[in-house]
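Per-entry structural report
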Amino acid sequence: MDEDFRKAALDYHRLPRPGKLAIEPTKRMATQRDLALAYSPGVAAACEAIAADPDAAWDYTARGNMVAVVSNGTAVLGLGAIGALAAKPVMEGKAVLFKKFAGIDSIDIEVEERDPERLVEVVAALEPSFGAINLEDIKAPECFEVERRLRERMRIPVFHDDQHGTAIIVAAAIRNGLLLQGKRLEEVKLVNTGGGAAALACLDLLCAMGLRRENVWVCDIHGVVHEGRAQGMDPYKARYAQPTEKRTLEEVLPGADIFLGLSAPRVLKPEWLPLLAERPLVLALANPEPEILPEAVRAVRPDAIVATGRSDYPNQVNNVLCFPFIFRGALDVGATAIDEAMKVAAANAIAALARMEASEVVAAAYGGQAPVFGPDYIIPKPFDPRLILEIAPAVARAAMESGIARRPIADLAAYRAELERFVFRSGYLMRPMFEAARKAPRRVAYAEGEDERVLRAVQTVLDEGIAEPLLIGRRAVIEEKVRAMGLRMDLSESVRVLDPAQDEAVFEPLVPLYQHKVGRRGIPPDAAARRVGNRPTVAAALLLEAGLADACLCGGTGDWMRHWHHAFDVIGKRPETGRVYALSGVIIRGVTLFFVDTHLLVDPSAEQVAEMTCLAAEQVRGFGLAPKVALVSHSSFGASNAPSARKMRQALALIRAREPELEVDGEMHADAALVPAIRARAVPDSRLSDTANLLVFPNLDAANIAFNLVKAAADGLQIGPLLLGMNRPIHVLVPSVTARGIVNLTALAVQQANAERAAAG
């Protein structure tokens, strides 16, 4: 690494506090009673329960979500045997990855012990503290023996990631590479260089998946592994000894379908590449310099698919693709081990994910150009958020089928939904709406049908089964984007595409309707007719108004207010409401706060504040939450007689008269709304219990500023804005909306469409 990068890495590890890990409590420690429950005497109850039933530790302690990352520092990265202490930054990093990608709490344990037998004793003694053991950076062949003996002694998973993590990713890459090359694993010839722990684990797993052992050729620093060889041999390597007179890599390469390098730089010579079979796979995984560079392979064998261990080339074999999620699935079913079936399940799940369209996160990392399954994309990217949703359930299912799950999961579909908390921060909030939408999906029109975010969202909507999409846009453009993005939707069956410029039979009858709607708003008939053809929001809203769609999402590009006006011109407000308002939500560390009105009404009257509050409370209930409303102000419970403070007090009286059961109070400072102790010091008789989740503001400036400030300062996830009081289910997307945000609003719109239908009888 260059000096600038080295300095940045050292600063990263040193500042603002040394290291990459910290421990945080998961229970409140605010009162004497909290202390009594957490420690003496309350802790004795948990101790007694575990003494009576050891498995109760999974219910009363963190053990079921705790992994030890253990190393003796004998094979650290490419640095060799640098010792346990010098290995600590790597082990801390591994622990951080467990937490980041799978929510697993992990502690690094560096053991200064190179005697394998004594190392086994040390690690085995840790079993009461952890739900699983991740062995890391232990040199071969000792690592084989250490893992084998620990697996025999311990009733929790023991997994040497250097071996098995690499093997799982390699197996997934080979599975997909062979699929693209038109070959079957049972028929191919594989040549490996290295013969170390990772290489042998790869070969073992591939043979378990169908590779024939007689088709495997291993070469190490001493040449071909053959029967009768004594130098550099061990029982693990001897399994792959071939009865042959060949002694060099060049001699065994002819006809090889797969080259699997886990050895050293420049081992595979460019002049040997013609010896490989047609359409070969070249996995050159030595780091930082591979056995051969991808550009050298392509210069000689353009028919080859190449993978490396480097992030600056396509098809990176990276263990972070699997180990957090394998442990997640194993821990969640209380597995006693991680067996071969669980590894195969993980490899197949990873391979299948690469064949799906890339996620929005992956697309963003590629500057908006998402990779599509093919020669340069046979393995998912490490930051694909769906890895946990595919791998953990597959591993959990395999563990249950193997009979090694002590805590089987009865409903794997519900388990997968539960895992969404690691992927989508909106998962808990939106789950009730998704479940309701699946029961009665409705037709949803998407005004910006050519937008890639919309197309990704529609693919998810189809996968979730929550709506019947109608895309507004040019069919040829949409078809091309669907192909380029690798989406699986069928535009002739599951999705309907409507082009206002082409589908005259659909849109011409809607022109008089629009002319009638806007004729007295300064828009002459000719201009109105043109708008139907060239303003997608107008076209989509007309489909909704005419009953050709049940809900509509528009906007997401350009000026939000322009889209809102077009939508309002067509749909209008509900007859019983005075105005339309905008409700925005933000999710912060699992807590959702709603803000109203964030977009539409600049300076509402007391009556309008009351109306928006009741409409917003109705929408909060739609999320399955009990609304707890705070009317916030610069004034605290009558401390000011300013007009805005008086307005909020008047609004409170109106709200209580309209909805006497609603938990609402004000006017109050924002900190009093969120901290009950502050509120209790201000007034002793507040009707508002606990923390407010719906904040109502005296004007648009305050609401919009507060919403955006909280969202930015706390890295919050935006929900909405949601339009309150519209006559039909329609929402206007903000330009920053993500594909997931569009999916969420789709579920909300479907719920509203179903409620509308139910109200109509």
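Analysis parameters
Residues numbered from 1 in each chain as written. Predicted model: local features only at pLDDT ≥ 70, side-chain atom pairs only at ≥ 80, totals over all residues. Heavy atoms only, no water. Pairing = 2+ DSSP bridges. Helix = DSSP H or I, 4+ residues; strand = E, 2+ residues; numbered from the N terminus. Axes fitted to C-alpha atoms, helices over the stretch in contact; angles between N-to-C directions. Contact = heavy atoms within 4.5 Å. Buried < 20%, exposed > 50% of the residue type's maximum accessible area, 1.4 Å probe, protein only. Phe/Tyr/Trp six-rings, centres within 6.5 Å; stacked < 30°, edge-to-face > 60°. Salt bridge = Lys/Arg side-chain N within 4 Å of Asp/Glu carboxyl O.

**Some words on the sheet that holds strand S1 (residues 66-71)**
Taken in spatial order, the four strands line up as S2-S1-S3-S4 in an open sheet, and their pairing is parallel. The sheet is open, and its two edges are formed by strand S2 (105-110) and strand S4 (158-160), each paired on a single side. With direction set aside, neighbouring strand axes in the sheet form an average angle of 20°. Note that S1 and strand S3 (residues 132-135) share four bridges and pair parallel. In the strand pairing of S3, Val70 is matched with Leu135. Where helix H7 (residues 142-153) meets the sheet, its contacts fall on S3 and S4, and the angle it forms with S4 comes to roughly 165°. Relative to S4, helix H8 (residues 161-181) is tilted by about 75°, and along the sheet it contacts S3 and S4.

**Side note on the pairing of strand S9 (residues 281-284)**
Here S9 shows no split at all, with Leu281 and Leu283 on one side and Val282 and Ala284 on the other all buried. In this structure, strand S8 (residues 258-261) lies alongside S9, joined through four bridges in parallel fashion. Across the sheet, residue Gly261 finds its bridge partner in S9, namely Ala284. With four bridges joining them, S9 and strand S10 (residues 305-308) adopt parallel strand pairing. Each bridged residue has a counterpart across the sheet, and for Val282 the counterpart in S10 is Val306.

**A closer look at the packing of aromatic side chains**
Here the distance between the centres and the angle between the planes together describe a pair of aromatic rings. Taken as a whole and judged by the stated rule, the model has nine aromatic pairs. Residues Phe159 and Phe327 carry aromatic rings whose centres are separated by 5.6 Å and whose planes lie at 85° to one another, so their mutual orientation is edge-to-face. In this pair, Phe159 sits in strand S4 while Phe327 sits in helix H13 (residues 323-332), placing the two residues 168 residues apart along the sequence. Residue Phe159 is classed as buried on the basis of its relative accessible area, which comes to 1%. The exposure class assigned to Phe327 is buried, which follows from its relative accessible area of 0%. Arranged with centres 5.5 Å apart and planes meeting at 70°, the rings of Phe595 and Phe707 form a pair that is edge-to-face. Here Phe595 is found in strand S16 (residues 591-596), whereas its partner Phe707 is found in helix H30 (residues 700-713), with 112 residues between them in sequence. Both residues of the pair, Phe595 and Phe707, count as buried.

**Re the pattern of salt bridges**
In the structure shown here, the tally under the stated rule is 46 salt bridges. The closest approach of N and O atoms between Lys99 and Asp105, which form a salt bridge, is 2.7 Å. Residue class for Asp105 comes out partly exposed when judged on its relative accessible area of 25%. Here Arg229 and Asp220 are joined by a salt bridge, their closest N and O atoms 2.6 Å apart. The exposure class of Arg229 is buried, given its relative accessible area of 13%. The class of Asp220 is buried, set by a relative accessible area of 14%. Through salt bridges that share partners, Lys7, Asp11 and Arg14 make up one connected network.

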